[in-house]
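Close look at the chain arrangement
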Amino acid sequence: AALAAALLAASTLSAGAADFPVSGASLVLRRARGGAETLSFVSHDTALPLPAVGGPDDPSVAGVLVEVVALDDPSVGVLEVPPGVAPRAGRPGWRVAGAGATPTFRYANRNAPGSPSAVRTLLYRPGRRLALAAKRVGIDLDAPLGAVAVRVTVGAHRICALFAGASVVRDQAGLFQGRNAPAPALPDCSDASLGTVPFLRPGLFGDPACADALPSPPEDPPALPPGPEAFHRVTHDDPLAVCNDGHPAVFYVRRAKPGGGHEGDWVIWLAGGGSCVDAGDCADRWCARQDGGYSSRTMSARWKDWDENHVGIFSTRADNRFKDFNLVIAPYCSSDLWTGTHTVDQPSSTSPETGVPYPAYRVAFHGHHIVNALIARLRAGVTSDDGRETLAPLTTAERVLFAGSSAGGAGAIHNASRVAALIRERAPGIVVELLSDGITRPYLPDPARGVSDAEVAVRRAVGAQASSMYRGILDPGCTTAHAGDPLHPCAQAAHVLAHHVPLRAFTQIDLEDPVAGPWAYDDLGRFGLATRELLQGLAAGTSQVPEPLTPVDLGILAPRCRHHVTLDNPTFYELRVPDGGANLNRALWAWWSGAAVPELIDDGSATGSSCAPGP
């Protein structure tokens, strides 16, 4: 909450903010070959402003926002330092010494780049010295940056320096070094002067149709404890686990029923909700213009309630086989298939839907980081924000079903191998299995049904472009196997599931899924025929490409009911294959319990599926 407040305050500073362009003694941005990052910045300028100790501009009261912006790279480093005095020596937080004209503010976090900040140390002596060191850069550093600006915001004070021209000592991939940047290099510390833009936020887009007229975030827990079916919110404290608008992501938990026999069993579910592929498409998404009913609520967690109720596999109904598990729900707010690692300044654009102009804006694609933070929090054990729910550490689990639906299904597949390794890192005996919902669709040319090589190449190129914008981290086994191919199939969840995830797995997809279904096919019938062939091949152990199949005991449920996702939907109990056969609740339980490995695929007959509620 402190990080969110600090970021929101910094992103909404009025034009009357006090700006202090300063000279920069040194700036170093470095990424080692192994991926470790370091940032250091030092200024000795006498213009460094004096905040009143305990006042609104005191770093220990207001927190600090550090931004790193490059001339020739749209990526942006965003590092938050929360307010708060260190409770004792060695713990993260601020220490303040002195008063009047000579106070000293020191921040330290030995856990950097982990919670609560990627900044390891920050020393501020007004009129004398500002020095910070961080374990994260944020800038891609894939190529020379041209020039780099640093802005440090504390309350209403914005301090900035620009390393350009003669003050650039080295500028190459993986390393930028600057020295002796003059104070007159910047007229002020505004976005325009730094060459950056504001974060996504309500009211950013002036179009009346995108007013973002939404209720205020919830401030207090409910007065009465909610019912036993409720899931309780947990706000991430990892500085990288943020939504598209830079606010901390959340997840919801409900512990296993004591004495229910499943205290060691877990379901961890990544929610879905599409994605966006460029500046205009993402702005349309924020403004509720993108197909699918998405909006700013999809791209932020700021409006998430303290508790939520869910249906499907999360229901408390008596016939739900999974109701007594430890259940974790991760809402989707990164728009990147849970793979992104990038904060980027998007250029001005126009709406693909309406042609309305959009100004430039900043957006965070941090789905990969959110998944990492989720597993880290669960491994340590969590207590909900309202204090009403506590989960034992994930390290005590016996079995974990890592699941996802739609975009979350893709995210579960892309992250599965890494998540399994993270879960087993401290407890090698934990069994980790995969469940994908609504995403295992065809992805290869199909000339007999009108899907040409050129059509598939275009769609893969769009996916590659989007993944580049996200700086997406896909399955490493797949990307290694297809290295050098710019249109490799690793962004295709079905390919990764079939050939690069050596886990026990289960998949559900409707043969005429109206959301995943159209892809490159001109009608759902043709899509259904292709999907049936794909799934029948997987069931038979045959592949459409010359790569070995990797899933173990692959369970399949594929009705033909023109629906999309199932896990968080009443259709978890309603859709059956064949007519009168097993629904996903029963089929998944047979697979989980070892009773059978269902391969239930609608055969195209009148009785191939049952699509209505049944007994």
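As shown above, the structure is provided for reference.
Residues numbered from 1 in each chain as written. Predicted model: local features only at pLDDT ≥ 70, side-chain atom pairs only at ≥ 80, totals over all residues. Heavy atoms only, no water.

Attention shifts here to the pattern of salt bridges. Within this structure, the stated rule accounts for 27 salt bridges. Among the salt bridges present, the one from Asp 191 reaches Arg 151, with a minimum N-O distance of 2.8 Å. Of this pair, Asp 191 sits in helix H3 (residues 191–194) while Arg 151 is found in strand S10 (residues 148–154), placing the two residues 40 residues apart along the sequence. Residue classification places Arg 151 among the buried positions, given a relative accessible area of 4%. Between Glu 389 and Arg 255 there is a salt bridge; the shortest N-O distance is 3.1 Å. Taken together, the residues Glu 389 in the loop between strand S23 (382–383) and strand S24 (390–391) and Arg 255 in the loop between strand S15 (250–254) and strand S16 (265–270) connect sequence positions 134 residues apart. (Salt bridge = Lys/Arg side-chain N within 4 Å of Asp/Glu carboxyl O. Helix = DSSP H or I, 4+ residues; strand = E, 2+ residues; numbered from the N terminus. Buried < 20%, exposed > 50% of the residue type's maximum accessible area, 1.4 Å probe, protein only.)

Right, let's get into the state of the cysteines. Inspection of every chain in the model, using the stated rule, returns six disulfides. Put simply, Cys 210 and Cys 287 are joined by a disulfide, and their sulfur atoms are 2.0 Å apart. Because the sign of the S-S torsion sets the handedness, a value of about -75° for the bond joining Cys 210 and Cys 287 places this disulfide among the left-handed ones. Of this pair, Cys 210 sits in the loop between H3 and strand S14 (231–235) while Cys 287 sits in the loop between helix H4 (279–286) and strand S17 (307–308), placing them 77 residues apart in sequence. In this pair, the class of Cys 210 matches that of Cys 287, namely buried. Through a disulfide, Cys 478 is tied to Cys 490; the S-S separation comes to 2.0 Å. The disulfide joining Cys 478 to Cys 490 has a torsion of about -90° about its S-S bond and is therefore left-handed. Separated by twelve residues along the polypeptide, Cys 478 in helix H8 (residues 476–481) and Cys 490 in the loop between H8 and helix H9 (493–500) bring together distant segments of the chain. For the pair Cys 478 and Cys 490, a shared accessibility class is recorded, and that class is buried. Sequence-ordered numbering of the disulfide-bonded cysteines in the protein gives the connectivity 1-2, 3-7, 4-8, 5-6, 9-10, 11-12. (Disulfide = S-S within 2.5 Å.)

Moving on, we get to the pairing of strand S7 (residues 104–108). For strand S6 (residues 93–97) and S7, the ladder comprises five bridges, and the chain directions are antiparallel. If you follow Val 96 over to S7, its bridge partner there is Phe 105. Once S6 ends, the chain turns through six residues before running back antiparallel as S7, passing Gly 98 with a positive phi of about 80°. Where S7 and strand S8 (residues 119–125) come together, four bridges link them in antiparallel fashion. Across the sheet, residue Phe 105 finds its bridge partner in S8, namely Tyr 124. (Pairing = 2+ DSSP bridges.)

Here the focus is H4. Taken across its eight residues, H4 has eight buried, putting it largely inside the fold. Restricting attention to buried positions, one finds in H4 the residues Ala 279, Gly 280, Asp 281, Cys 282, Ala 283, Asp 284, Arg 285 and Trp 286. In this structure, the buried side of H4 is in contact with strand S19 (342–346), strand S20 (349–350), strand S21 (357–358), strand S22 (361–365) and helix H7 (453–470). For H4, the capping residue at the N-terminal end is Asp 278, with a side-chain oxygen 3.3 Å from the backbone nitrogen of Gly 280. The positive-phi residue at the C-terminal boundary of H4 is Ala 288, with phi of around 65°. (Contact = heavy atoms within 4.5 Å. Polar contact = N/O pair within 3.5 Å; in protein donor to acceptor, adjacent residues only side chain to side chain.)

Next up on the list: the pairing of strand S28 (residues 552–558). The buried count for S28 comes to five of seven residues, which makes it a mostly enclosed element. Where the polypeptide runs from strand S27 (residues 504–508) across helix H10 (residues 524–540) and back to S28, its parallel neighbour, the crossover connection is right-handed. Two elements, S28 and strand S29 (residues 599–601), share three bridges in a ladder whose sense is parallel. Along S29, the bridge assignment pairs Leu 557 with Leu 600. (Right-handed = clockwise from strand over helix to strand, strands pointing away.)

What the rule picks out here adds up to 16 aromatic pairs. Seen in terms of ring centroids, Phe 506 and Trp 591 are 5.7 Å apart; in terms of plane orientation they differ by 75°. Their pairing is edge-to-face. Separated by 85 residues along the polypeptide, Phe 506 in strand S27 and Trp 591 in helix H12 (residues 584–593) bring together distant segments of the chain. Just as Phe 506 is buried, Trp 591 falls in that class too. Through successive ring pairs, a cluster of aromatic residues spans Phe 322, Phe 325, Trp 589 and Trp 592. Arg 362 extends its terminal NZ or CZ atom over the ring of Phe 199, reaching a point 5.4 Å from the ring centre. (Phe/Tyr/Trp six-rings, centres within 6.5 Å; stacked < 30°, edge-to-face > 60°. Lys NZ or Arg CZ within 6 Å of the ring centre and 35° of its normal.)

It is worth spelling out the sheet that holds S16 at this point. Read from one edge to the other, the open sheet built from ten strands follows the order S17-S14-S15-S18-S16-S25-S26-S27-S28-S29, with strand pairing classed as mixed. A strand with exactly one partner marks an edge of an open sheet, and here the two such strands are S17 and S29. Pairing analysis gives five bridges linking S16 to strand S18 (residues 326–330), with the strands arranged parallel. Directly across from Trp 269, in S18, lies its bridge partner Ile 329. With respect to the sheet, helix H5 (residues 367–380) is in contact with S14, S15, S16 and S18, its orientation differing from that of S16 by roughly 155°. (Axes fitted to C-alpha atoms, helices over the stretch in contact; angles between N-to-C directions.)

Where burial is concerned, most of H12 is hidden: eight out of the ten residues are buried. Among the residues of H12, Leu 584, Asn 585, Ala 587, Leu 588, Trp 589, Ala 590, Trp 591 and Trp 592 are the ones counted as buried. Between a side-chain oxygen at the N-terminus of H12 and the backbone nitrogen of Asn 585 the separation is 3.2 Å; the capping residue is Asn 583. Trailing H12 by a residue or two, Gly 594 shows a phi angle of about 85°, which is positive.

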